[in-house]
Structures are given as C-alpha cells and as structure tokens.
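# Topology and contacts: notes
The residues making up each chain are set out below.
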Amino acid sequence: MQQLNRPARRALLVLHVAVSVSWLGVTLGLLALGITGWTTDSPEMTAVVYRAMKVFGDWLVLPLALSALGTGLVLSLGTPWGLARHRWVYLKFWLTLVAVLLSVFSLRPGIDHLAAEATTGTPAPDLALVVAPAVASTLYFFLTAISVLKPWGLTRRGRRLREERTAKARARREPGHGRAGAGVS
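The structure reproduced in this document is the subject of the present report. It should be emphasised that the depicted structure is a prediction, and the values quoted were computed from it without experimental measurement.

### Re the overall build of the protein chain
Across its full length, the protein chain holds five helices and zero strands. For the protein chain, the succession of helices and strands along the chain, N to C, is α-α-α-α-α. Relative to the globule expectation of 16 Å for 185 residues, the C-alpha radius of gyration of the protein chain, 23 Å, shows a markedly less compact shape. Projected onto its principal axes, the C-alpha positions of the protein chain cover 90 × 30 × 20 Å. Here the protein chain holds 185 residues, and 32% of them are scored as buried. Considering only contacts within the protein chain whose residues lie at least 6 apart along the sequence, 77% involve residues at least 24 apart.

What follows is the structure, given as structure tokens:
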C-alpha cells in the first residue's frame with residue numbers, strides 16, 4: 001500500500017485514537033451498567049440496566065469496534081510501522097480482531113438475550129455481563145499501553161526489511177555509485 005501523506009496520516013491517527021478511546025469508554029459504561037444490574041435488588045432497575053446496555057450494544061459497540069479495527073489497519077499499512085514489522089502492531093491487530101469478533105458473537109448476543117428478558121418480565125442478573133466488559137476494558141487498556149510504549153522491537157520480517165533498506169542505503173553511499181561518483185575512476 002502507498003504511504004499516507006502527513007496530513008492524511010495525522011487525520012487518520014486522530015480518528016483512530018478517538019474511536020479507540022470511545023470503544024474503551026463504551027465498554028467502561030457497559031461495565032458500570034453490568035455491575036449495577038448484578039448488584040441491585042430492584043428487578044425494575046435490572047430491567048432498565050439491561051435495556052440501556054442494549055442501546056450501547058446496538059448503536060455503539062459494533063460501529064466503534066469496526067472503526068477502530070479499520071483505522072488501525074489503514075494506519076499500519078499506510079505508514080512505516082507496517083502490519084507485520086513490529087511485534088506490538090502485529091499483536092495489537094490480532095487482539096483487536098479477536099475483541100471485535102467477541103463483541104459480535106458473544107457480548108452483543110448476551111446483551112440482546114437479557115434485554116429481551118427485560119421486556120417480557122424480570123431478567124435474572126447475569127455475571128457474564130460484568131465479566132465480559134471487565135475483560136474487554138482490561139484488554140483495551142493493554143492495547144492503549146502498547147500503542148504508547150511500543151515494546152518488543154521488530155518481527156523477523158521487520159528485521160529483514162530493515163537490513164535490506166540499510167544495505168541499499170550503504171550501496172548508494174559507496175564511491176562510484178550514483179551521481180556523486182559518476183565519471184570518477
């Protein structure tokens with residue numbers, strides 16, 4: 001993929017950070033609602049909490065998750081970071097993909113089930129809707145940390161690409177190569 005120019009890269013980075021932080025915020029909101037639904041003694045409150053979680057799940061979780069994944073993918077492919085050059089980028093991509101899939105196939109169906117119960121009667125508090133957002137929030141904090149700290153260095157592919165780039169740069173600097181050495185014996 002062609003490298004993004006600086007204004008496009010910066011705009012995409014701002015968008016990526018905004019949707020990623022929003023995804024974390026929504027998950028923290030789901031955690032607060034899940035704890036409230038689990039700990040309240042009021043069946044009415046439990047029903048309201050699970051209906052509120054459905055609003056978050058239907059309108060925010062999936063769009064934010066897909067936006068974070070998409071902007072991160074474009075950023076990695078359109079910048080020198082690459083998708084498989086640095087261990088932190090590679091790990092962040094795969095963990096984000098897993099989080100998106102779990103949001104789609106586990107979290108949202110669980111919320112939908114309890115919201116349906118809430119509309120037909122009194123839903124039983126479900127610890128899963130405390131555990132899932134707690135795990136997700138921890139994961140998103142971890143992803144944020146590795147984005148800031150950029151640990152672990154290059155992958156094998158990244159080292160190979162760096163060595164190739166260094167070798168090409170060295171070859172260009174050698175006497176008799178390129179414009180500087182043209183015509184010199």
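### What to know about helix 1 (residues 6-39)
For helix 1, spanning 34 residues, the distance from its first C-alpha to its last is 49 Å, which sits close to the expected 50 Å at 1.5 Å a residue. On its buried face, helix 1 is in contact with helix 2 (43-77), helix 3 (87-120) and helix 4 (128-149). Backbone nitrogen of Ala8 and a side-chain oxygen of the N-cap are separated by 2.9 Å at the start of helix 1; the cap is Asn5.

### Observations regarding the nonpolar core
Trp23, Leu30, Tyr50, Met53, Ile111, Leu129 and Tyr140 are the most contacted members of the largest nonpolar core, which totals 29 residues. Elements that contribute at least two residues to this core include exactly helix 1, helix 2, helix 3 and helix 4. Look past the residues within four positions of Leu30 in its chain and what remains in contact with it is Met53, Phe56, Val61, Leu107, Ile111, Leu129 and Pro133.

### Things to note about a positive patch on the surface
A cluster of basic side chains, namely Lys168, Arg170, Arg172 and Arg173, defines a positive patch on the protein surface. Along the chain, Arg172 turns up in helix 5 (residues 156-173). The exposure class of Arg172 is exposed, given its relative accessible area of 54%.

Reading the values: rules and limits
Residue positions are counted from 1 within each chain, in the order its sequence is given. The predicted origin of the model limits local features to residues at a pLDDT of at least 70 and limits the giving and counting of side-chain atom pairs to 80 or more, whereas totals for whole chains, interfaces and linings rest on all residues. Only hydrogens and water are set aside; all other atoms, that is, all heavy atoms of the structure, feed into the side-chain values. Helix and strand definitions follow DSSP, with helices as H or I runs of at least four residues and strands as E runs of at least two, each counted in order from the N terminus. In this description the radius of gyration comes from C-alpha coordinates, and the expected globular size is given by 2.2 Å times residues to the power 0.38. Buried, partly exposed and exposed residues are distinguished by accessible area as a fraction of the type maximum, computed with a 1.4 Å probe on protein chains only: under 20%, between the cut-offs, and over 50%, respectively. A contact between two residues is defined here by any heavy atoms of the two lying within 4.5 Å. Under the convention used throughout, the expected extent of a helix is 1.5 Å for every residue step, that is, one less than its residue count. Two N or O atoms form a polar contact when they lie within 3.5 Å of each other; inside protein one atom must be a possible hydrogen donor and the other a possible acceptor, and for residues adjacent in sequence the pair counts only when both atoms belong to side chains. Definition of nonpolar core: a set of buried residues of the types Ala, Val, Leu, Ile, Met, Phe, Trp, Tyr and Cys, connected through side-chain atoms within 4.5 Å. Here a patch means residues that are over 30% exposed by relative accessible area and free of salt bridges, tied together within 9 Å if like-charged and within 5 Å if nonpolar (Val, Leu, Ile, Met, Phe, Trp, Tyr). What sets the accessible areas is the Shrake-Rupley method with a 1.4 Å probe; for residues, cover comes only from the shown protein chains. Here a salt bridge means any side-chain nitrogen of Lys or Arg lying within 4 Å of a carboxyl oxygen belonging to Asp or Glu. The charge count treats Lys and Arg as positive and Asp and Glu as negative. His and the chain ends do not count. Working definition for charges: the position is that of NZ of Lys, CZ of Arg, CG of Asp or CD of Glu.

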